[in-house]
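Residues per chain are reported as follows:
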Amino acid sequence: MYGRFVGLDIGTDTIKIALIKRGLTDTDLSQILQIKTPDSLQAFSELTSIFAEKFLPKNDVAVSLIGNPVSIRVLSFPFSDPKKIDQTYEFELENVSPFDLSDKVHGYHLVRRPEGSEAIVCMSQSEDIKQLVDICQSNGIDPKVITFAPLAFGALDGFLLGERPLVLIDIGASRMGFSLFDRGGIRRVRSSSKAGGLISEMISRSLGASHDVAESIKREGFKGDKNRVLEEAVSPIIDEIKRTVHFFEIEIGEEIKTVILSGGTSLMPGINDYIEERLKKEVKGFFIPDLGENNSAIFAQSFALAMYGSAIGRGRLNLRKGDFKYTGRDSELRRVFMVPALLFSLFILFSIYRAGARYFELKSEVERIEAQINTTVRETFP
């Protein structure tokens, strides 16, 4: 989709916004914004004000599920045509899913393989989708795309440098997302509720300190006299990472070479070296040139959502379907083509005017020549 598109990352601590502009040949990052998450998202006027003040599109928006999905399944097919998969994947899902699908919303992200394709199916409760849509619409926003953040990171495949297979781990305050990439792109995803907030909670519980003190200790990172407390607090995160990496290696039958970290928790001093020592794998931070070093970690998810949403189509996960199908107008798309359409209309009008003017000019010239001929004939043959 051409034009401007917003990635809206709604976290428990902060809301991050990334605005991109997609053209015919390239995509540019226009601006990034960050605001504190309110206690009640439904009554949050600041988000509405920011969209109005910054002239952000209110419809061309991609947002991720706030919580974890009910289920993530991988279905294999001997073909890769999205039209065929649309017709068959629900039947395959019913056969392998233990859930009643009547009160669920589900969709898939298509992964093409040499022998066919795989559909990464994400399933969510209908009530969760409704709540997310209500939150956005109560703030004057009607998102065109609702997806799953670890899948959205597939749009940033070209920014992931390192030996593959690799895992991108986005560690936010309340969620930790895992995206596995092989040489062909994204391959598997997973999410966990063990994230940065758990580290602060465990530090606070261990020391009997306030949340602010725990956050201060976490920001100090792996240095000073409180390393033991911090290591104990981080241990559940490390265990979750180890289990997920091991699961991914079993899934693809290949050793993972590189781990890339993003999210606010990845900025903790010494976290890369600490995880690298325990995983025995190369660990490095995520970097997007347009965002810079620190902003790459903080705005990685919102940027990924904007990139993924702006290229939405068949074979990409969008949970705005069924009762929650997007019915708004493509205002940004019309805005993109409005100027070329107006210029083309002016060109047509100018061409018609020019042709008309030329016609009357030639007509006058013919009349002048005819009059001259008549005069010459009368003079010659009186």
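Residues numbered from 1 in each chain as written. Predicted model: local features only at pLDDT ≥ 70, side-chain atom pairs only at ≥ 80, totals over all residues. Heavy atoms only, no water.

> I tried to follow the nonpolar core on my own but got confused; where do I start?
Looking at soluble globular proteins, one finds that nonpolar side chains tend to be buried together. Residues Leu-8, Ile-17 and Leu-47 are the most contacted members of the largest nonpolar core, which totals 57 residues. Element by element, the count of residues in this core is highest for helix H10 (residues 300-310), at seven residues. Excluding anything up to four places from it in sequence, Ile-17 contacts Val-6, Gly-7, Leu-8, Gln-31, Ile-32, Leu-33, Leu-47, Ile-50, Phe-51, Leu-56, Phe-299 and Ser-302. In terms of nonpolar packing, the next biggest core, distinct from the first, is built from 31 residues, Ile-203, Phe-248, Ile-252 and Ile-275 among them. (Core = buried A, V, L, I, M, F, W, Y, C linked by side-chain atoms within 4.5 Å. Buried < 20%, exposed > 50% of the residue type's maximum accessible area, 1.4 Å probe, protein only. Helix = DSSP H or I, 4+ residues; strand = E, 2+ residues; numbered from the N terminus. Contact = heavy atoms within 4.5 Å.)

> Looking at this model, I keep getting lost on the sheet that holds strand S9 (residues 166-171). Mind explaining?
Within a sheet, each strand pairs with its neighbour through backbone hydrogen bonds, oriented either parallel or antiparallel. Across the sheet, five strands lie side by side as S11-S10-S9-S12-S13; this open sheet has mixed pairing. Of all strands in the sheet, those bounded by a partner on one side alone are strand S11 (185-192) and strand S13 (282-285). Across the sheet, the mean angle from the axis of one strand to that of its neighbour is 20°, orientation sign disregarded. For S9 and strand S12 (residues 258-262), the ladder comprises five bridges, and the chain directions are parallel. Of the residues in S12, the one forming a bridge with Ile-169 is Leu-261. Along the sheet face, helix H8 (residues 271-279) touches S12 and S13 and points at about 160° away from the line of S13. (Pairing = 2+ DSSP bridges. Axes fitted to C-alpha atoms, helices over the stretch in contact; angles between N-to-C directions.)

> Even after reading the chapter, I still don't get H10, so can you show me in this structure?
Turn by turn, an α-helix covers 3.6 residues, leaving residues three or four places apart pointing in a common direction. When you tally the buried positions in H10, you get 11 out of 11 residues, the bulk of the element. Turning to H10, its buried residues number three or more, namely Ala-300, Gln-301, Ser-302, Phe-303, Ala-304, Leu-305, Ala-306, Met-307, Tyr-308, Gly-309 and Ser-310.

> Just checking my understanding: could you explain the pairing of strand S6 (residues 104-113) for this structure?
The two faces of the sheet receive side chains in turn, since in a regular strand these alternate between them. With eight of 10 residues buried, S6 is to be regarded as a mostly interior element. Pairing of S6 with strand S7 (residues 116-125) involves 10 bridges; the strand directions are antiparallel. What sits directly across from Val-111, in S7, is Glu-118. What sits between S6 and S7 in their antiparallel hairpin is a turn of two residues.

> I tried to follow the layout of surface pockets on my own but got confused; where do I start?
One water molecule sets the probe size; rolling that probe over the atoms shows where empty space is left. Computed from the structure, the largest pocket encloses a volume of approximately 730 Å³. Lining the largest pocket are 40 residues, and of these Ile-171, Gly-172, Ala-173, Gly-264 and Thr-265 sit closest to its centre. Looking at the lining of the largest pocket, the elements with two or more residues in it are strand S2 (14-22), helix H4 (149-152), S9, strand S10 (176-182), helix H5 (196-207), helix H6 (211-220) and helix H9 (293-298). Considering every element that reaches the lining of the largest pocket, the biggest residue donor is H6, with four residues. Here the second largest pocket defines a volume of roughly 300 Å³. (1 Å grid on protein atoms, 1.4 Å probe; cavity = no way out; pocket = protein on both sides within 12 Å on 5 of 7 lines; lining within 4 Å. Points joined across faces, edges and corners; volume = space filled by probe spheres on them.)

> How should the packing of H5 against helix H7 (residues 227-252) be read in this particular structure?
The relative placement of two packed helices comes down to the angle between their axes together with the axis-to-axis distance. Their axes nearest at 9 Å, the elements H5 and H7 cross at an angle of 140°. Between H5 and H7, the angle falls in the class oblique. Classified by chirality, the crossing of H7 by H5 is right-handed. The residues of H7 that touch H5, namely those facing Leu-198, Ile-199, Met-202, Ile-203, Ser-206 and Leu-207, are Val-229, Leu-230, Glu-232, Ala-233, Val-234, Pro-236 and Ile-237. Of the residues belonging to the contact of H5 with H7, the class tally is 11 nonpolar, one polar and one charged. (Parallel < 35°, antiparallel > 145°, perpendicular 65-115°, else oblique. Left-handed = near helix turned anticlockwise from the far one by under 90°. Nonpolar A, V, L, I, M, F, W, Y, C, P; charged D, E, K, R; others polar.)

> Looking at this structure, how should I read the side chain of Glu-249?
Along the chain, Glu-249 falls in helix H7. By relative accessible area, Glu-249 is classed as buried at 18%. Apart from residues no more than four positions distant in its own chain, Glu-249 is found in contact with Glu-254, Glu-255, Ile-256 and Lys-281.

> In this structure, what is going on with the packing of aromatic side chains? I would like to understand it.
What describes a pair of aromatic rings is the distance from one ring centre to the other and the angle between the planes of the rings. One pass over the full model with this rule turns up five aromatic pairs. Centre to centre, the rings of Phe-222 and Tyr-274 are 4.1 Å apart; their planes meet at 15°, and the pair counts as stacked. Here Phe-222, found in the loop between H6 and H7, pairs with Tyr-274, found in helix H8; they are 52 residues apart in sequence, far enough to count as distant. Assessed through its relative accessible area of 17%, Phe-222 is described here as buried. Judged by relative accessible area, Tyr-274 falls into the buried class, the value being 9%. When the ring centre of Phe-79 is taken as origin, the NZ or CZ atom of Lys-84, which lies over that ring, is 5.8 Å away. Here the guanidinium or amino end of Arg-278 rests over the ring plane of Tyr-274, the centre of that ring lying 3.6 Å away. (Phe/Tyr/Trp six-rings, centres within 6.5 Å; stacked < 30°, edge-to-face > 60°. Lys NZ or Arg CZ within 6 Å of the ring centre and 35° of its normal.)

> What should I look at first to understand the pairing of S13 in this one?
One ladder, built from four bridges, connects S12 with S13; its direction is parallel. Directly across from Leu-261, in S13, lies its bridge partner Gly-285. Tracing the backbone out of S12, into H8 and back to the parallel element S13 gives a crossover that is right-handed. (Right-handed = clockwise from strand over helix to strand, strands pointing away.)

> Could you clarify how one ought to interpret helix H2 (residues 82-96) in this entry?
Taking 1.5 Å per residue, 15 residues should reach 21 Å; H2 reaches 20 Å between its end C-alpha atoms and fits that length. Residues of H2 that are buried make contact with strand S5 (71-77), S6 and S7. With a side-chain oxygen positioned 3.1 Å from the backbone nitrogen of Lys-83, the residue opening H2 is Asp-81. (Expected span 1.5 Å × (residues − 1). Polar contact = N/O pair within 3.5 Å; in protein donor to acceptor, adjacent residues only side chain to side chain.)

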